[in-house]
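Residue strings, one per chain:
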Amino acid sequence: MPKIFTPTNQIRLTNVAVVRMKKNGKRFEIACYKNKVLSWRAGAEKDLDEVLQTVAVFHNVSKGEVAKKEELAKAFGKDDVTEICKEILAKGELQVSEKERQDQLESMFKEIATNVADKCVNPETKRPYPVSIIEKSMKDIHYSIKPHRNAKQQALDVIRLLKDTIPVERAKMRLKLTLPAKEARKLKERILKLSSTVTENEEWQGELLVLTCLIDPGHFREMDEIIRVDSKGSGTLEVLNLKEIKEGEEVLE
């Protein structure tokens, strides 16, 4: 049976996301894992090995044609393949189908709206907005997604823009929680596990532990459920007021 000959400068890859850059009239491409390119550009992914399928620069990924070192040196002024991959990853054009592009934009749109809903309240009701309301408001102001910026950065832009259309305020919710002594330790542990919880005051009043704490609005429903369900109806939750977050005082983590 005859052997199939594969040229040494060919690498076959499947199910890849291709990032392409043109230099000196030539095309250079890198093969990445799907969904990882945007994570790298947004700063969420730091490990290059999690982004690149192989540390190689191609003329054509689909045909497996690897660029020669002398071609890379001439085009990029260096022959360090890893550094060249990073340059293409940062500045190249991600090749995606129209459906993939639309799916990515819709996913990012929802992620931005979720971030806004998690960090903001309606100052008139002192309650968080549902994500669906934020999404509708974003559509009303015709917010345009910026694919090269991450969702948390864009959420800050959206909050500023929404202030002209709906009552919205970046704030922490200040809550007063009353916990029965029997369940206090277990409930307190669960409450403090919510990432945004900051305890301002804690005191015992007879058989009750009274906590005053700040939480992100996005954790209000979870906190409410802890008090209602886990305390078996013997705990209480009261919204005292809001602590407004000023511009630059806190970043979206």
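Residues numbered from 1 in each chain as written. Predicted model: local features only at pLDDT ≥ 70, side-chain atom pairs only at ≥ 80, totals over all residues. Heavy atoms only, no water.

A. Just the confidence of the model for the protein, in detail. Put simply, the protein has an average pLDDT of 84, and 89% of its residues get 70 or more. At the low end of the mean pLDDT range in the protein sits strand β10 (residues 236-244), at 79; at the high end sits helix α5 (residues 131-140), at 95. A low-confidence stretch, residues 1-7 (pLDDT under 50), is modelled with zero contacts involving residues beyond four sequence positions or located in other chains. Across residues 248-253, where pLDDT falls below 50, the model places 12 contacts with residues more than four positions away in sequence or in other chains. (pLDDT = per-residue confidence, 0-100. Helix = DSSP H or I, 4+ residues; strand = E, 2+ residues; numbered from the N terminus. Contact = heavy atoms within 4.5 Å.)

B. Focus on helix α7 (residues 181-193). An ideal rise of 1.5 Å per residue puts 18 Å on 13 residues; α7 measures up with 19 Å between its terminal C-alpha atoms. Maximum bend of α7: about 30 degrees, positioned at Leu187. Regarding α7, the residues found buried are Glu183, Ala184, Leu187 and Ile191. On the buried face of α7, the contacting elements are β7 (169-180), β8 (198-205), β9 (208-215) and α8 (220-230). (Expected span 1.5 Å × (residues − 1). Bend = angle between axes of the 7 residues up to and from the residue. Buried < 20%, exposed > 50% of the residue type's maximum accessible area, 1.4 Å probe, protein only.)

C. Structural view of the nonpolar core. Counting residues in each nonpolar core, the largest one holds 23 residues, and the members touching the most others are Ile30, Cys32, Val57, Ile88 and Leu89. Sorting the residues of this core by element identifies β1 (17-23), β2 (26-32), α1 (36-41), α2 (69-76) and α3 (81-91) as the ones contributing at least two each. With five residues, α3 is the largest single contributor of residues to this core. Residues within four places of Cys32 in sequence aside, it is in contact with Val16, Ala17, Val19, Val37, Val51, Leu52, Gln53 and Leu89. (Core = buried A, V, L, I, M, F, W, Y, C linked by side-chain atoms within 4.5 Å.)

D. How the structure looks around helix α4 (residues 98-119). Taking 1.5 Å per residue as the helical rise, α4 with its 22 residues ought to reach 32 Å, and the 32 Å between its terminal C-alpha atoms agrees with that figure. Among all positions of α4, only Met108, Phe109, Ile112, Ala113, Asn115, Val116, Ala117 and Lys119 are buried. Where α4 is buried, its residues meet β6 (120-121), α5, α6 (151-162) and β7.

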